[in-house]
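Structure at a glance
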Amino acid sequence: MSTVVLIGSQWGDEGKGKVTDFLAEKADLVVRFQGGNNAGHTVVVDDKEFKLHLIPSGILYSDKLCIIGNGVVIDPAVLKAELQSLIDRDVKIAKLLIDKRAHVIMPYHRLVDEAEENSKEDDKKIGTTKRGIGPTYADKSSRVGIRVADLLDEEEFAEALKYNVDAKNKLFENYYQAPTVNYEQIYQEYSEFAELIKKHAADGHEVINDAIENGQNVLFEGAQGTLLDLDFGTYPFVTSSHPIAAGACLGAGVGPTSINNVIGVAKAYTTRVGEGPFPTELHDELGAKIRQQGAEFGTTTGRPRRCGWFDAVILRFSARINGLSHLAITKLDVLTGLPEIKICTGYRLNGELIKTFPASLKELAKCEPVYETLPGWQEDISKAQSIDELPQNARNYLNRLSELVKVPIALVSVGPKRSQTIVTKDIFYNDGDGKTWHTPRL
Ligand code: GDP
Ligand code: IMO
Ligand code: MG
């Protein structure tokens, strides 16, 4: 059996889509386990670019099985549009299953997300994607959410929708002073979506556990990143799900003993979209230069991403929270041309050096990064196919990152395309027959 959990180890947008697509070649199943269409995962194959929000990034391989797990929140309109856009582009897509326990994003969730953000003072705004993610997970926790299984049962759906529309309309009228929603309209619209979803609905955990028991390879594709995790992220400036590795167990229905390896995807620098503290953020021209060279604009909302140096305190935190077995370092090419590159190795807080990531946002905001400076490289690295082809300074930089994080690097990405990838350790390795891929803990 071979199971690999791939997660974002910073604030999202680390290149999870690219790395998932690359590793998916050797996987049989690709599973999304949390988040929803707040995610924007970019995959570039040859000259074609695909931006996936809800569908797993394994979808571009027609011989794979993709699963949207129970931990994901599903906007059916997005599902429909995303499937259609792949069909319109003549992509022979993988088979897609949707877990019946996954919760459904309803129109009122998007409206609450928007109203809640608008009602907050500027310094309290989270900067959500306004896709209704938080309110859908909130309803799940409040035990009033609507799951795929409920949507597919006419009676159940009508009853649950009635309850929710009445409750939300009271909120819109009396609290948010916003327009109300219409039961009939939503019922009609979602009954049509149910017809589409019915074709894909399944017990995801059954399929995944069967595959594991049959020795197939399963790749779990995380969305967002560790610092956006509801428990371990920079709360309250987080998302409402669990993007950390443990989320794969919860959001797909597999036990921790079924996971072989955990890959933390990390950019060679740091970015963040939305609000919240960010110790190594560069507010100067250099930050703007990295944003421009790295095309750092949100895949989902188009917002400019805040940019800063690589933060080894964050990565070390992430390595432990996720139990990382490997790192995948992306966007190394973006740093080409800089005379020197900084790595944050600790924070100075109230005059003291700390190496841990503080829970208190007030403390985090006061943390001053302590940097180590390494020489940069000037050579174009976007065509490198092996570590040996990288300039010595780029290799030194990678080695230092790995040393500070205490996790070996399995993959280095030097450009957005599938082909611009250097493998340093085979995550799925072959046993000799060319067909069976294994991934014991390396
Ligand atoms: P995700 O949300 O983690 O999947 O990441 P996004 O797709 O939101 O953002 C990553 C962006 O960087 C996308 O535009 C990718 O095409 C691009 N990208 C991924 N890896 C590399 C790389 O190694 N070099 C460069 N220059 N771009 C990359
Ligand atoms: P991928 O999978 C980066 C951020 C939002 C906001 C916070 C909460 O592409 O890496 P939400 O809409 O989830 O309630 O917003 O989380 N956020 C992301 N940032 N990448 C993402 O996904 C994100 N998904 C949500 O900007 O700060
Ligand atoms: Mg993204």
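Residue numbers here run from 1 along each chain, matching the order of that chain's written sequence. Ligands are numbered from 1 and chains lettered from A, in the order in which they are written. Only residues with pLDDT of 70 or above have their local features reported here, since the model is predicted, and side-chain atom pairs are shown and tallied only from 80 upward, although totals for entire chains, interfaces and linings are computed over all residues. To obtain the side-chain values, all non-hydrogen atoms of the structure were used and water was disregarded.

1. Examining the overall build of the protein chain
- Each helix is a run of DSSP H or I of at least 4 residues and each strand a run of E of at least 2, with the numbering of both proceeding from the N terminus. Helix and strand content of the protein chain: 13 helices and 22 strands.
- Here the C-alpha atoms of the protein chain give a radius of gyration of 22 Å, agreeing with the 22 Å that 2.2 N^0.38 yields for 442 residues.
- Dimensions of the protein chain, computed from the C-alpha atoms along their principal axes, are close to 65 × 60 × 40 Å.
- Here the term buried applies to any residue with accessible area under 20% of the maximum for its type, exposed to any over 50%, and partly exposed to those in between, with areas from a 1.4 Å probe on protein chains only. Counting the 442 residues in the protein chain, one finds 56% classified as buried.
- Within the protein chain, contacts between residues at least 6 apart in sequence are counted, and of these 75% link residues at least 24 apart.
- Using a 1.4 Å probe, the Shrake-Rupley method yields the accessible areas, and only the shown protein chains count as cover for residues. Accessible surface, the protein chain as shown: approximately 18900 Å² in total, 48% of it carbon and sulfur.
- Taking the average place of the 51 positive charges on the side chains of the protein chain and the average place of its 61 negative ones, the gap between the two points comes to 3 Å. Values of the radius of gyration come from C-alpha atoms, whereas the globule rule sets the reference at 2.2 Å times the count of residues to the power 0.38. We call two residues in contact when some of their heavy atoms are within 4.5 Å. The sign given to each residue is positive for Lys and Arg and negative for Asp and Glu; His and the chain ends receive no count. The atoms used to mark charge sites are NZ of Lys, CZ of Arg, CG of Asp and CD of Glu.

2. Structural notes on the side chain of E281
- Summarising the element assignment, E281 is placed in the loop between β12 (270-272) and α10 (285-293).
- Side chain to side chain, E281 and R306 meet in a polar contact 2.9 Å long.
- Beyond its immediate chain neighbours, meaning those up to four positions away, E281 contacts R306, C307 and G308. Under the rule applied, a polar contact is a pair of N or O atoms within 3.5 Å (in protein, one hydrogen donor and one hydrogen acceptor; residues adjacent in sequence only if both atoms are side-chain atoms).

3. Looking at the site of ligand 2
- For this purpose, a residue is taken to be near a molecule or strand whenever a single non-hydrogen atom of the residue falls within 4 Å of it. Near ligand 2 you find 20 residues, and of these D13, K16, H41, T129 and T239 are the closest.
- Separating an oxygen atom of ligand 2 from a backbone N or O atom of D13 is a distance of 2.7 Å.
- Between ligand 2 and N38 there is a distance of 2.9 Å, counted from an oxygen atom to a side-chain nitrogen or oxygen.

4. Notes on the site of ligand 1
- Near ligand 1 you find 18 residues, and of these K16, G17, T42, D333 and S413 are the closest.
- Here an oxygen atom of ligand 1 and a side-chain polar atom of D13 are 3.0 Å apart.
- Within the backbone of E14, a nitrogen or oxygen atom sits 3.0 Å from an oxygen atom of ligand 1.
- Protein chains shield 92% of the accessible area of ligand 1, which is 580 Å² for the free molecule.

5. Concerning helix α7 (residues 183-198)
- The end-to-end C-alpha distance of α7, which contains 16 residues, comes to 22 Å, matching closely the 22 Å that a straight helix rising 1.5 Å per residue would cover.
- Of the surrounding secondary structure, the elements contacted by the buried residues of α7 are α2 (76-88), β8 (103-104), α3 (107-119), α5 (148-151), α6 (154-176) and β9 (201-202). Given the number of residues in a helix, its expected span is that number minus one, multiplied by 1.5 Å.

6. Observations concerning the coordination of the magnesium ion (ligand 3)
- For Na, K and Ca the donor cut-off is 3.2 Å; for every other metal, N, O and S atoms count as donors within 2.8 Å. Water does not enter the count, which can leave sites looking incomplete. Surrounding the magnesium ion (ligand 3) are the protein donor atoms D13 (OD) and G40 (O), at 2.1 to 2.2 Å. Highlighted residues: D13 in the loop between β1 (2-8) and α1 (16-24) and G40 in the loop between β2 (29-32) and β3 (41-45), separated in sequence by 27 residues.
- Note on D13: relative accessible area 21%, which makes it partly exposed.
- Exposure remark for G40: the relative accessible area of 10% places this residue in the buried category.

7. Some details on the confidence of the model for the protein chain
- The pLDDT value expresses, per residue, how confident the predictor is, ranging between 0 and 100. Scored by pLDDT, the protein chain has a mean of 95; 97% of the residues are at 70 or more.
- When mean pLDDT is taken per element in the protein chain, β8 scores highest with 99 and strand β22 (residues 437-438) scores lowest with 54.

8. Some words on the packing of aromatic side chains
- Note on ring pairs: Phe, Tyr and Trp rings are taken, using the six-membered ring of Trp, and paired if centres are within 6.5 Å. Classes follow the plane angle, with under 30 degrees stacked, over 60 edge-to-face and the rest tilted. Throughout the structure, instances matching the rule amount to ten aromatic pairs.
- Consider the rings of F317 and F357, whose centres lie 5.2 Å apart with planes at 40°: the pair is tilted. Of this pair, F317 sits in helix α11 (residues 312-322) while F357 sits in the loop between β17 (352-354) and α12 (361-366), and the two are 40 residues apart along the sequence. Like F357, F317 is buried.
- An aromatic cluster is defined as three or more aromatic residues linked by ring pairs; in this entry it consists of F232, F317, Y347 and F357.

9. Regarding the domain arrangement of the protein chain
- By domain assignment, the protein chain separates into domain 1 (3-89 + 203-423) and domain 2 (103-198).
- The distance between the C-alpha centroids of domain 1 and domain 2 comes to 29 Å.
- Opposite the 27 residues of domain 1 that make contact, domain 2 presents 22 residues.
- When domain 1 packs against domain 2, the two sides together hide about 1900 Å² of surface, and 63% of this comes from carbon and sulfur.
- Each of two parts loses accessible area, computed with a 1.4 Å probe, when they are put together; buried area is these two losses added. Contact with domain 2 buries surface across domain 1, with V73, I74 and P76 losing the most and accounting together for 27% of the total.
- We count a salt bridge whenever a side-chain nitrogen from Lys or Arg sits within 4 Å of a carboxyl oxygen from Asp or Glu. Seen at the junction of domain 1 and domain 2, the total is one salt bridge.
- For R110, the salt bridge is made with D75, and the minimal N-O distance between the two is 2.6 Å.
- Where domain 1 packs against domain 2, one counts eight residue pairs in polar contact (both at pLDDT 80 or more).
- When contributions to the side of domain 1 that touches domain 2 are tallied by element, the ones reaching two or more residues are β6 (73-74) and α2.
- The element contributing the most residues to the side of domain 1 that touches domain 2 is α2, with five residues.
- Nonpolar residues are Ala, Val, Leu, Ile, Met, Phe, Trp, Tyr, Cys and Pro. Charged residues are Asp, Glu, Lys and Arg, and all others, Gly as well, are polar. Its residues placed into classes, the side of domain 1 that touches domain 2 shows ten nonpolar, 13 polar and four charged. An automatic or database domain assignment supplies the residue ranges for each domain.

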